[in-house]
Amino acid sequence: MEDKGEVKCIKFSLENKILAVQRTSKTVDFSNLIPDNSQQEYTQECKTKNANILGFCWTSSTEIVFITDQGIEFYQVLPEKRSLKLLKSQSLNVNWYMYCPESAVILLSTAVLGNVLQPFYFRGVTMLKLPKFEIELPTAPKSTKLSLSERDIAMATIYGQLYVLYLRHHSRTSNSTGAEVVLYHLPREGACKKMHILKLNRTGKFALNVVDNLVVVHHQDTETSVIFDIKLRGEFDGALTIHHPVLPPRSIQPYQLPAAGPASVTSQSPVPCKLYSSSWIVFQPDIIISASQGYLWNLQVKLQPIVNLVPDKGRLMDFLLQRKDCKMVILSVCSQMLSEADRATLPVMATVFDKLNQEYKKYLDAEQSYTAAVEAGQSRSNPPLKRPVRTQAVVDQSDMYTHVLSVFAEKKEMPHKLVVSVLMEYVRSLNQCQIPVKHYLHELVVKTLVQHNLFYMLHQFLQYHVLSDSKHLACLLLSLESFYPPAHQLSLDMLKRLSTANDEIVEVLLSKHQVLAALRFIRGIGGHISARKFLDAAKQTEDNMLFYTIFRFFEQRNQRLRGSPDFTPGEHCDEHVAFFKQIFGDQAVRPTTL
Amino acid sequence: MGLSTRLQGNRVHASVQEENKILFYHPNEVEKNEKIRNVGLCEAIVQFTRTFSPSKPAKSLHTQKNRQFFNEPEENFWMVMVVRNPIIEKQSKDGKPIVEYQEEELLDKVYSSVLQQCYSMYKLFNGTFLRAMEDGGVKLLKERLEKFFHRYLQTLHLQSCDLLDIFGGISFFPLDKMTYLKIQSFINRVEESLSIVKYTAFLYNDQLIWSGLEQDDMRILYKYLTTSLFPRHIEPELAGRDSPVRAEIPGNLQHYGRGLEPFIPGYTALISAMSAAVCFMIDAATQPTLDFCRRLDSIVGPQLTVLASDICEQFHINKRTSGSEKDPQFKFIYFNHMNLAEKSTIHMRKTPSVSLTSVHPDLMKILGDINSDFTRVDEDEEIIVKAMSDYWVVGKKSDQRELYVILNQKNANLIEVNEEVKKLCATQFNNIFFLD
Amino acid sequence: MAAEVQRKRSSECPDGTLAPSDGHTVERAESPTPGLAQGMEPGAGQEGAMFVHARSYEDLTESEASEMSGESPQEGAGSAPPLPADMRQISQDFSELSTQLTGVARDLQEEMLPGSSEDWSEPPGATGRPATEPSREGTTEGDEEDATEAWRLHQKHVFVLSEAGKPVYSRYGSEEALSSTMGVMVALVSFLEADKNAIRSIHADGYKVVFVRRSPLVLVAVARTRQSAQELAQELLYIYYQILSLLTGAQLSHIFQQKQNYDLRRLLSGSERITDNLLQLMARDPSFLMGAARCLPLAAAVRDVVSASLQQARARSLVFSILLARNQLVALVRRKDQFLHPIDLHLLFNLISSSSSFREGEAWTPVCLPKFNAAGFFHVHISYLEPDTDLCLLLVSTDREDFFAVSDCRRRFQERLRKRGAHLALREALRTPYYSVAQVGIPDLRHFLYKSKSSGLFTSPEIEAPYTSEEEQERLLGLYQYLHSRAHNASRPLKTIYYTGPNENLLAWVTGAFELYMCYSPLGTKASAVNAIHKLMRWIRKEEDRLFILTPLTY
């Protein structure tokens, strides 16, 4: 690309199709980067007479905006025609501008003091003028000179909403204890609204980043940063919410620079890089550039260390639940609060469980209504509903079971009373959130109670249906009968309530040699009865009276069905017939005269 | 019907003067020789039966005038209770009044249960007889017996004893899962914050919701709480045994500490708010201080009040949904040996004075007869009888559960009766495995 | 046993005419209803009964007082035969009796050798029981222990003793060995009587001890059965009457008035086996429970001929003529206004069935029928019509001198039977003395008892499978006893009982007119049970003239 003079600024369009180069304060040159096209540039001059281009920015792969000191011009680039088409323009005095690509909003500082901000919103070939708003300056400006500097404003999307962050410096006159960050909410439509104030409680030089929906404010003098989360509860004065740092100030983790110099020489040990240096420049949302060392960093928030910095577990949960990679941390917090070392009280556990389950429930509901909608065939409704995303904040029963509860319950040294209380607290929380409890949790409860011979407790739980019915549980109970006889009854009741377990019931009864009961039961509910099965069972009891009864019962059934008391060969009852004769003699096998 | 209870001990001490063998005798006025005679008879009877079964001596003696019940709760300690047969005055031909004893009126099982109950209750508060002997010899034992039974015998109302005394069951308060879980976590929290609380029991309207004690202990404690301890001043005569008497009085928040009752192995503190009552068993080792009581109050009081109103609310919701369970067609008693759960629509509330039943005593006795028939085999049985009064009485025993129904459709036939019972089971016991 | 046995060849003398039996009929209720009036129920006799109506447990309540006051219960029931004139008379009767008793006991032992024990009524254990068991001295400690243990485990002990504590009878174990125990029993009785009280029963886990006081005797039962105290007392009363039937009440009280601690065994030696037999019979034969007699199923025509023949074979001194077959009644003719009490009949049954000595020729023996008159003896002529059949004829006479006249009645009776060819029909009937429940045609039905209250008769089919073993049969009767005791509970009687148990369903239905006890499959439903009742009652109505004596005759 040949030299046509000093380049003020170059910007690639999205997808790097076109390169825009500003060399003069009036024009911007373009060159297509599509291979077959020739490299020949084409130029666009700003429409407004004797206006100076402050800058330009791409809003898409072919749309571009010029910002001049007298307004903005919105163009569409036509690469093949090698020309631009003015889509829209707006004239107003501009002090400076700021562009937020991810929200495609341009903010123009207007008015003498520069504290009236005019946002524009770009979408495709349309340019939307949003209502302008004024930033309250800390002190009534004495002069008429520009008093809102670009450095003190940032734009960022926090929890899906676009905010304009204003770093308001400490002023002796205002009785504020220190600098603070003011958040203006900039909605797609409707007026911009001042909403949050982040108290920095200090003065000096600051820089902002937004990471994982957290506002990170760096302070140069103390070389520390503080973190704010606007979702956490703050002091609400009716209009504004005032926030304090989530945790005490902490420094960014020290960073080692690889030794400078030729790559061959690697003997030198890496040098620690100077943090919070004045040569740092921050870009939204999370970029820090060290001009001096020529490094670019992405700022990250490490959750694990934070866990111990927030004493209030409830608040900690609120904080963690909003973070991206929170699950493992949350689980570790849970196990920690159960550990002997620093065990939380039951009420605290309760609140933690409740918070987790509320989040869990939200997801379940969304999921449910989605599937419901899909089944209802509204899938092609617009906007097309999309499957709810399962964030890491969704900590479900299996997570809790595998990582926290089962481990905890296994611990020998744990007082069983505590174990039970905790499990019941979690179950309670689930129920309170109307989340159906998974059977493995119930089984864990049962196992724990059984291990410590707390059978009566178990009995009471089942009595009040705290442990909900399932074949799993019923079978588990059956296996307990030898230790705790009532378990048999409990299990039968459960099978009955399930009303899908009639076969199991019959099996249980037969296994207990309660052949009559089994037969009466089936007769009650109707259903096929295998003569052989019952005759076998009766024979096993070695109770001739019983065998007689059962045998006769089937004889009469045969009589009703086939007009003869004999069994069909298919029923394979010959041995039983023989057995019957053997005990009660042939004459006992008489055709029942009906 | 009079009561005379004797407690006779210990052939080991036979060398001691005869009368010393008698550790407690009520009524005490009885002349000494008389006492010795009566005690002697019991010994004779027991000895006599040993010739036929050394290990299983007599349990009761039937005579024309009375029945005597024997119980050997601890080796060589015998408790005997004598209950007089009811009498009816008759006019003989020559106009002279003659008393006739009704010898078939008393049910053995009922009164032997009452006698065993006596011991369990004594033990609950004093520990075993032997323990007293070890602690302070016969003298101490006699004192303890005197002290305990003097008061306890007042609370016995033999004429109103029936099937329920055989069961010695626990009436559970029906409650939804969520409220129950709330109570659970409430109790767990209290026990966590007050380490000297060993066990907790939670009741509502004299019905149990939660017991941290083992079943058998709870059974006796429950009996004690519901018969002797709870203040009974508010007591509408005609409220079903299982109806929320105190809950009916709206906003009557009588939150109050029942002081500390002596209790083996420790003490109990009772706190009640509205109709909810929590009973805390406290470690014997630690003497509860007044300060502790205050703390207990401050921790429990507020939460309990909230819970109580929750329960009350829930209860009325259930009541509305379940509709009027008082079905004129039948009255029933239900008991489950496995969890001691007991339910009766026959009994009015047991008052300290008398337990009102809504059916004729003879029918109650028929229930007793059926019950004793059941105990002869432990297999499932069903007995349906039609009394001379044409009432139908049904007894069902199915896997450790017993159900007794009295139907007042006099001219129903067996099949119709069976249908009624089926209906009852469908409405009242649909969630348990109960063969018909 | 048999007193004054006089063996004669009964000679044939063809003579005498036959009066036709009067078979007039009353219209009868067709289908059974609870409201069925007494006398109209199936099996109801047409002109009153031949029995005193036995109400349950009357003896426990009423007679006690009278017994105490020494007067016989049935005082003035018809013209009772005059008491034997003077004391000498009695004591003579007595010595004879006792000698005979021992005599019988001896020749019994000969009969009772194995082989002759197919005689169904002979209890295995009781064969040739010696008058008194050898005392156990000399047996080693261990044996002693085992023996006592075995002794304890007996299902039902029965003890009879005098007020002085002298043993009179003990079912198991020698009276000597038990004298101390019996001493205690009497002590207990008198201890309570000292307080104007009376001991009734002692209850323990698994067994009961029941006391019955009949001056001058005390009867005690120790039972591990499921029977109620009431029932056990009832059985003890049977034992008491059994003893009276040998001695008469008058003699019994007289003896003890004379000698407080008289050893009654001297009189009764040899009679223990009768008592043993009675106890065994009561454990298996529902007649005692029902307080009624069961008839041999017999075609009405045949039965009428038999009755008529009996009626005509009368003698001046005859009060009752009874024809039996294996404890089943074939026919009974009585003197006008003279009623036989079921208990008395049962005692006669027992007497017959406890010895097969009567099969030889004719016996002439004094018997007291305590319910009829406890004060005196009747003289009963006992003979089997033919040695090889079970037909046994009892002719009850008031005159001990009247043997030949009575014996002649027997001859005339047999003659008439032959004349009218009834004896063949009888033989035929005897080949099937029981009917099968299958005839009723109710599949679930296993067994039943039906009692017509007015006629004092009951009927029941043969006990068949599954009640094949002896234990099962006794268990079944036990169940009937259970129903009966509940239905007739002194203070809480019941009209209907439906019982579903592990092995069978039972149903009891007691009305003013009849009692019905049904045993059927535990898988039978209530509906089927109700149908079964109606079907069964219709069947009985249909069969009644075969199963019952509808036209009882008097001389």
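Residues numbered from 1 in each chain as written. Chains lettered and ligands numbered in written order. Predicted model: local features only at pLDDT ≥ 70, side-chain atom pairs only at ≥ 80, totals over all residues. Heavy atoms only, no water.

A tally of regular secondary structure across chain B gives nine helices and 19 strands. Sequence-distant contacts, at least 24 apart, represent 59% of the contacts inside chain B between residues at least 6 apart. Split by element, the accessible area of chain B, about 18200 Å² in all, is 53% carbon and sulfur. (Helix = DSSP H or I, 4+ residues; strand = E, 2+ residues; numbered from the N terminus. Contact = heavy atoms within 4.5 Å. Areas by Shrake-Rupley, 256 points an atom, 1.4 Å probe, with all protein chains shown as cover.)

Time to look at the overall build of chain C. The helix and strand tally for chain C stands at 16 helices and 17 strands. Looking at chain C as a whole, 61% of its 555 residues qualify as buried. On chain C, roughly 20000 Å² of surface is accessible, and the fraction owed to carbon and sulfur atoms is 54%. (Buried < 20%, exposed > 50% of the residue type's maximum accessible area, 1.4 Å probe, protein only.)

This part covers the interface of chain C and chain B. In this complex, chain C contributes 47 residues to the contact, which on the side of chain B involves 50 residues. In total, about 4400 Å² of surface goes out of reach between chain C and chain B, with carbon and sulfur atoms giving 58% of it. Our count for the chain C to chain B interface comes out at eight salt bridges. With its nearest N and O atoms 3.9 Å apart, the salt bridge here joins Asp369(B) to Arg486(C). Put simply, chain C and chain B have 30 residue pairs in polar contact (both at pLDDT 80 or more) between them. Those elements that provide at least two residues to the side of chain C that touches chain B are α3 (141-152), α4 (175-194), β3 (199-204), β4 (207-214), α15 (470-487), β14 (494-500) and α16 (526-547) of chain C. (Buried area = accessible area lost by both parts, 1.4 Å probe. Salt bridge = Lys/Arg side-chain N within 4 Å of Asp/Glu carboxyl O. Polar contact = N/O pair within 3.5 Å; in protein donor to acceptor, adjacent residues only side chain to side chain.)

Moving on: the packing of aromatic side chains. Residues and elements named next belong to chain A. Inspection of the entire model under this criterion finds 58 aromatic pairs over all chains. Aromatic pair Phe547 and Phe580: ring centres 6.4 Å apart, planes at 40°, arrangement tilted. Of this pair, Phe547 sits in helix α14 (residues 544-562) while Phe580 is found in helix α15 (residues 574-584), placing the two residues 33 residues apart along the sequence. Residue Phe580 is classed as buried on the basis of its relative accessible area, which comes to 0%. (Phe/Tyr/Trp six-rings, centres within 6.5 Å; stacked < 30°, edge-to-face > 60°.)

On to helix α2 (residues 313-321) of chain A, then. Residue and element names in this part refer to chain A. A large share of α2 lies buried, amounting to seven of its nine residues. Those residues of α2 that are buried lie in contact with β19 (214-219), α1 (303-307), α3 (327-338) and α4 (346-375). The N-capping residue of α2, defined by a side-chain oxygen 2.8 Å from the backbone nitrogen of Gly314, is Asp312.

Turning our eyes to something else, we now look at the confidence of the model for chain B. On average, residues of chain B carry a pLDDT of 77, and 79% of them reach 70 or more. Taken together, the stretch residues 231-265 of chain B has pLDDT below 50 and engages in 100 contacts with residues farther than four places along the chain or on a different chain. (pLDDT = per-residue confidence, 0-100.)

With that settled, the discussion passes to a nonpolar patch on the surface. On the surface, Val7(A), Ile10(A), Phe12(A) and Leu33(A) cluster together into a nonpolar patch covering about 320 Å² of accessible area. Mapped onto the fold, Ile10(A) is located in strand β1 (residues 9-12). (Patch = residues over 30% accessible without salt bridge, like charges linked within 9 Å, V, L, I, M, F, W, Y side chains within 5 Å.)

Next up on the list: the sheet that holds β19(A). Residues and elements named next belong to chain A. Within the open sheet, the three strands sit side by side as β18-β19-β20. Their pairing is antiparallel. What marks the edges here is a single partner per strand, and that holds for β18 (206-211) and β20 (224-228). Pairwise comparison of adjacent strand axes, ignoring direction, gives a mean angle of 25° for this sheet. When β19 meets β20, the two strands line up antiparallel, connected through five bridges. By the bridge assignment for β20, Val216 is matched with Ile227. (Pairing = 2+ DSSP bridges. Axes fitted to C-alpha atoms, helices over the stretch in contact; angles between N-to-C directions.)

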